[in-house]
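# Structural characterization, general
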Amino acid sequence: MYVGAAINYEFSATDKLNFDPQTCSFDLTQGIKVSPNGFGTKYIYSEWQILTDVIPSLQLLGDTNSVNLWKIVMAWNQYTKNSAKFVENISFDALNVYSKTVSSSSTNSLSITNDITWTASFNETLGFEVLARVLKSV
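As a starting point, this report considers the structure included with it. (Residues numbered from 1 in each chain as written. Predicted model: local features only at pLDDT ≥ 70, side-chain atom pairs only at ≥ 80, totals over all residues. Heavy atoms only, no water.)

## Some points on the overall build of the protein chain
For the protein chain, the helix and strand inventory stands at 4 helices and 4 strands. Shown N-terminal to C-terminal, the secondary structure of the protein chain runs as helices and strands in the order β-β-β-β-α-α-α-α. Counting across all 138 residues of the protein chain, residues that qualify as buried make up 13%. Restricting to contacts in the protein chain with at least 6 residues of sequence separation, those with at least 24 account for 60%. Total accessible area computed for the protein chain in this model is approximately 11500 Å², and 55% of it derives from carbon and sulfur atoms. (Helix = DSSP H or I, 4+ residues; strand = E, 2+ residues; numbered from the N terminus. Buried < 20%, exposed > 50% of the residue type's maximum accessible area, 1.4 Å probe, protein only. Contact = heavy atoms within 4.5 Å. Areas by Shrake-Rupley, 256 points an atom, 1.4 Å probe, with all protein chains shown as cover.)

## Remarks on the nonpolar core
Formed by Tyr 2, Tyr 43, Ile 50, Val 54, Ile 55, Leu 58, Val 67, Trp 70 and Met 74, the largest nonpolar core amounts to 9 residues. The element that contributes the greatest number of residues to this core is helix α1 (residues 47-61), accounting for 4 residues. (Core = buried A, V, L, I, M, F, W, Y, C linked by side-chain atoms within 4.5 Å.)

## Things to note about a nonpolar patch on the surface
Together, Leu 17, Phe 19, Phe 26 and Leu 28 give the surface a local cluster of nonpolar side chains, amounting to about 470 Å² of exposed area. Contributing elements (two or more residues each) for the nonpolar patch: β2 (11-20) and β3 (25-34). If you trace the backbone, Phe 26 turns up in strand β3. (Patch = residues over 30% accessible without salt bridge, like charges linked within 9 Å, V, L, I, M, F, W, Y side chains within 5 Å. Salt bridge = Lys/Arg side-chain N within 4 Å of Asp/Glu carboxyl O.)

## Focus on α1
Note: α-helices contain 3.6 residues per turn, so residues at a spacing of three or four share the same orientation. For α1, which comprises 15 residues, the first-to-last C-alpha distance of 20 Å matches the rise-based estimate of 21 Å (1.5 Å per residue) to within 8%. Of all the bends in α1, the greatest reaches close to 30° and is centred on Val 54; the proline Pro 56 follows between one and four positions later. Next to the buried residues of α1 lie β1 (2-8), β2, β4 (39-45) and α2 (64-83). After α1 finishes, the residue Gly 62 shows a positive phi value of roughly 80°. (Expected span 1.5 Å × (residues − 1). Bend = angle between axes of the 7 residues up to and from the residue.)

## Observations concerning the packing of aromatic side chains
Scanning all chains against the criterion turns up 6 aromatic pairs. Between the aromatic rings of Tyr 2 and Trp 70, the centroid separation amounts to 6.3 Å while the plane-to-plane angle is 75°, which identifies the pairing as edge-to-face. One end of the pair, Tyr 2, is in strand β1; the other, Trp 70, is in helix α2, with 68 residues separating them in the sequence. Taking 5.5 Å as the distance between ring centres and 35° as the angle between the ring planes, the aromatic pair formed by Trp 76 and Tyr 79 counts as tilted. Within this pair, Trp 76 and its partner Tyr 79 are both found in helix α2, separated by 3 residues, close to a single helical turn. The exposure class assigned to Trp 76 is partly exposed, which follows from its relative accessible area of 29%. The partly exposed category is assigned to Tyr 79, whose relative accessible area is 47%. Grouped by ring-pair contacts, the aromatic residues Tyr 2, Tyr 43, Tyr 45 and Trp 70 constitute a single cluster. (Phe/Tyr/Trp six-rings, centres within 6.5 Å; stacked < 30°, edge-to-face > 60°.)

## Thoughts on α2
The terminal C-alpha atoms of α2 lie 28 Å apart, and with 20 residues this matches the ideal 28 Å at 1.5 Å per residue to within 8%. For α2, the set of buried residues is Ser 66, Val 67, Leu 69, Trp 70 and Met 74. Within α2, the buried residues cover an arc of 165° as seen down the axis, which keeps them to one side. Those residues of α2 that are exposed and aimed more than 90 degrees away from the buried face are Thr 64 and Asn 82. Its buried side turned inward, α2 meets β1, β4 and α1. (Arc of directions from axis to C-beta.)

The values reported here are purely geometric and, on their own, carry no functional implication.
Structure, rendered in structure tokens:
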């Protein structure tokens with residue numbers, strides 16, 4: 001399990017209907033819309049969730065920095081698992097009752113900080129209408 005805090009950004013696939021006044025025709029283009037206003041969250045992810053949802057979503061957004069950070073965190077997790085002392089293997093199913101206490105102590109840490117700067121180039125890359133916000137504020 002991976003436990004931490006992050007900022008969520010809402011995003012979705014979009015279909016944009018474009019009108020060409022020169023040819024009096026329409027065409028449909030696909031893109032991604034991302035809200036630049038993030039909100040704080042805590043997460044508890046399995047490695048499967050990170051590999052099958054989190055990283056592919058970040059790749060869809062073109063956020064290679066966050067993808068690389070997740071890969072670093074997973075590599076650190078693998079390193080600590082490989083370095084751990086094996087105690088025992090126990091196989092069981094959900095209907096059995098088993099209790100055992102094992103105590104050990106170890107200290108390792110990994111701290112990663114990531115700053116995100118939102119620029120107009122993200123808006124253009126992700127298909128935002130840059131002028132729409134400016135026109136609404138006038």
